[in-house]
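Here's the letter readout for the chains.
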Amino acid sequence: MLKDPYLDGVRSVEELLGYVDFEDGTAIIDAKDLKHKELNDLMKECVLRGASRLILKNVCGQRYIGSRLFFNPPKRVEIEIYGTPGNDLGAFLAGHRIIVYGNAQDGVGNTMDDGEIVVHGRAGDVVAMCMRGGKIFIRDYVGYRCAIHMKGYKDKVPTLVIGQTAQDFLGEYMAGGRVIVLGIGIERHRCYYIGTGMHGGVMYIGGKVEKHQLGREVGVVEMDEEDWKFLEDVVKEYCKNFEMEGKEDEILGKKFSKLIPVSKRPYGRVYSY
Amino acid sequence: MKSHLLPEFYVERIESRCNKCGVCVKQCPWGVYSWDEEGKEILIDYTKCVGCQRCVIYCPNKALIVKPYEGSYRPNAYWTREVISDIKKQAEQGGVILIGTGSDKPYKVYFDHILLNASQVTNPSIDPLREPMELRTFIGRKPDRLEIDPDDFEIKTEITPNLVIETPIMFAGMSYGAISYNAFLSLAMASKEFGTKFCTGEGGLPKDMREEYGEVAIVQCASGRFGVDPEYLNCACAIEIKIGQGAKPGIGGHLPGEKVSKKISETRMIPEGTDALSPAPHHDIYSIEDLAMLIYALKEATDYEKPVFVKIAAVHNVAAIASGIVRAGADAIVIDGFRGGTGATPKVMRDHVGIPIEMAIAVVDQRLREEGIRHKCSIIASGGIRCSADVVKAIALGADAVYIGTAALIAMGCTMCQKCYTGKCSWGICTQDENLAKRLNPKVASKRLVNLLRAWSLEIKEMMGAMGINAIESLRGNREHLRGIGLEDWELRILGIKGAGEGYEYRGD
Ligand code: SF4
Ligand code: SF4
């Protein structure tokens, strides 16, 4: 018989309640031995029982943490994660704040709608893919294909802040939002194809990037006062998140390149009508 | 550069009937007609005509005839007029030729080489007008076995969510963006009225439609993730992951900037006037394991309350891919044949990539049965379903239900002019121009759609009755009711059907 790696052997919420410690509004869940769905079932149950703060301990690869928490009318929850959350952390996230004390895997904030994800470490590939709103802070570095097809409309401006550097295809097909790579401790970024197919939004990259590392659809423009003001705010928030207050000037004291799309229709000219 | 292209259509105005009312000037968005104030004359530039027939239908005096331009190159069966025109067009513009709708090429149409069975003497046919006929269809995963409580006859097995539709026909994904708000709304209204579902395509579901039409909306999650927010997923009746499309297998979507109006820019969250680009792959899906990850991400985001479909184009290895999709956890698989329609695709992709839907359904159904996983997943056949007989044949070949797209547009007014990518659809369907979109009245258009569903459903019942079948369930994969005509042995083998004249073989017990 066909095995279902996600659902086989999933226990009912009642059986799982033993993994939770409840203390006025805070639920502490021991995620050791919990399957993806079990952990998310429990998190939802805790919020329905009134928790506004969830502390997840011994997390080890459980996926989709936070994705289930969609409520109508909306509820905002704070989630602290100790350990390593699995892929798609905060996918489709509906406005919650997630703090990870550890590294994260692939797909952080996939199609996330609103809220905040703060990772005290590094994250894997496809971070912030198709992100639509909210903020993601990654203290160290990220993998390949991050911020692909990030979007934005009016006041919904998703923001991805990466402390060190990223791998290839950063901001591919980007249609909106902001990506900030601070380049902390980085001599020279090694990623290529930055912003290939970009047609909206903006990227700020601190440290050295050469023209040949960029996609053909992006242009580098001068930073103006407003850009610096924005960067200052971002760096302040970054330092606050990671208890690095006082390092702001050092982080900002390097060259930043501002990348924007050269055309709203990068591929408009490849067609005949 | 002087264009060397021949005109495609010729417009004839019957002088004696025309009273110069000017309706054609207003109706034509292509600029064929103009009013000459000085000579008080209707001027006609037929080189701009695309053959949409809008003016012909709306001319109050029936004074217009639009027909293919008769002048031609020296006829040549190899260097056809189309081939010559395409070369000239590309020599002039140097780009990929864009086109709308499904392929019009004369490949063999397998539906037209399959005949249905009917009962005579040995088992009685059923009269659908007097006896109950069940067209209700359940889309989704079915359990491995059913456990029933012997005391109260309640089902003990946990049943995963299924969609219930009153006829095995749903409306295929056509996005708000590709089609107008009015056309999109018409599909939603008709679905609700008739008891079926429509797929949103990849352009989101406008907020003002969610409360009323969410329950009939299958919301799509495609590689561009346009309009995918948590509420969108949760208000729907099902979610469809779009991997590919029959009209453009393997390439991304492309909504030309002409159609990205203010409202479209808002639902898609991209700047106005940009091309809405959907990447060719989902960048979080590079394998079956990754697909499983997205399927379960969507189930997580919707509390495991909705079936998740996966839509792929019918390509050469479709059976193996389908098997992987079922194993990845999909509740339904949508297979879009190479005739499937589109609002915009490179012509070369549309006309040369993929396989016929008839064969794709047959091989997928066969493969899933052999592997004992057919019940895990419904099969929805899509791409070029033209009439109720196509529906019946698709189901007998192994589908659970069909999606119709082009047929639905034709019901609303489309005349298959193939210019959908220009954003100037004269019938108000494939356009974001407010004045053109206004031409489509959702009340009337949804009525036409409901009529079509009703008509086809009645015909399906007639065909089933003639076969002596009274529930659509018993037709599914029932290839004994199909016979091929004019097909080679290998074609019959792939379709899993006998040739006409070959009877039922009794193989003993
Ligand atoms: S709509 Fe008919 S009658 Fe009116 S001007 Fe045009 S061709 Fe003449
Ligand atoms: S939808 Fe409109 S533009 Fe497209 S083929 Fe039909 S009539 Fe032509």
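Everything numeric here is computed off the predicted structure, so don't read it as measured data.

Caption draft 1: Main features of the site of ligand 1. What surrounds ligand 1 is a group of 13 residues, the closest being Cys18, Cys21, Gly22, Cys24 and Cys59 of chain B. When the residues that make up the shell around ligand 1 are grouped by side-chain class, the tally is eight nonpolar, three polar and two charged.

Caption draft 2: Examining the domain arrangement of chain B more closely. All names here are of chain B. Looking at chain B, the domain boundaries give domain 1 (9-95) and domain 2 (153-499). At the junction of the two partners, domain 1 supplies 13 residues and domain 2 supplies 11 residues. Summed over the shared surface of domain 1 and domain 2, the result is two salt bridges. Aspartate 86 is paired through a salt bridge with lysine 347; the nearest N and O atoms lie 2.3 Å apart.

Caption draft 3: Structural detail: the nonpolar core. The biggest cluster of nonpolar side chains holds 138 residues, and the ones touching the most others in it are Phe198, Ile404 and Ile429 of chain B. Per element, the largest residue contribution to this core is 10 residues, and it comes from helix 15 (residues 442-467) of chain B. Residues contacting phenylalanine 198 of chain B, with those up to four places away along its chain left out, are Phe171, Phe184, Leu187, Ala188, Ser191, Leu205, Met209, Tyr213, Val216, Ala217 and Ile218 of chain B. Ranked by size, the runner-up nonpolar core spans 57 residues in total, among them Ala31, Leu34, Ala51 and Phe71 of chain A.

Caption draft 4: Fine view of the pattern of salt bridges. All names here are of chain B. Enumeration according to the criterion identifies 55 salt bridges over all chains in this entry. Residues lysine 67 and glutamate 12 are paired through a salt bridge, measuring 2.9 Å at the closest nitrogen-oxygen approach. Note that lysine 67 is positioned in strand 4 (residues 64-68) and glutamate 12 in strand 1 (residues 9-13), a separation of 55 residues in sequence. The residue glutamate 480 makes a salt bridge to arginine 483 at a minimum N-O spacing of 2.9 Å. In this structure glutamate 480 comes out as partly exposed when scored by relative accessible area, which is 29%.

Caption draft 5: How the structure looks around empty space enclosed by the protein. All names here are of chain B. According to the stated counting rule, one finds six cavities of 30 Å³ or more in the structure shown. Space inside the largest cavity adds up to approximately 590 Å³. Lining the largest cavity are 44 residues, with Gly173, Gln245, Gly341, Thr342 and Gly343 positioned closest to its centre. Residue contributions to the lining of the largest cavity peak at three residues, all from helix 13 (residues 406-412). Looking at side-chain class alone, the lining of the largest cavity contains 19 nonpolar, 18 polar and seven charged residues. In this model, the second largest cavity occupies a volume close to 120 Å³. Surrounding the second largest cavity, 14 residues form its lining, Cys414, Cys417, Cys420, Cys425 and Cys430 being those nearest its centre. Residue classes in the lining of the second largest cavity are distributed as 10 nonpolar, three polar and one charged.

Rules used in this analysis
- Residues numbered from 1 in each chain as written.
- Chains lettered and ligands numbered in written order.
- Predicted model: local features only at pLDDT ≥ 70, side-chain atom pairs only at ≥ 80, totals over all residues.
- Heavy atoms only, no water.
- Near = heavy atom within 4 Å.
- Nonpolar A, V, L, I, M, F, W, Y, C, P; charged D, E, K, R; others polar.
- Domains from an automatic or database assignment.
- Contact = heavy atoms within 4.5 Å.
- Salt bridge = Lys/Arg side-chain N within 4 Å of Asp/Glu carboxyl O.
- Core = buried A, V, L, I, M, F, W, Y, C linked by side-chain atoms within 4.5 Å.
- Buried < 20%, exposed > 50% of the residue type's maximum accessible area, 1.4 Å probe, protein only.
- Helix = DSSP H or I, 4+ residues; strand = E, 2+ residues; numbered from the N terminus.
- 1 Å grid on protein atoms, 1.4 Å probe; cavity = no way out; pocket = protein on both sides within 12 Å on 5 of 7 lines; lining within 4 Å.
- Points joined across faces, edges and corners; volume = space filled by probe spheres on them.

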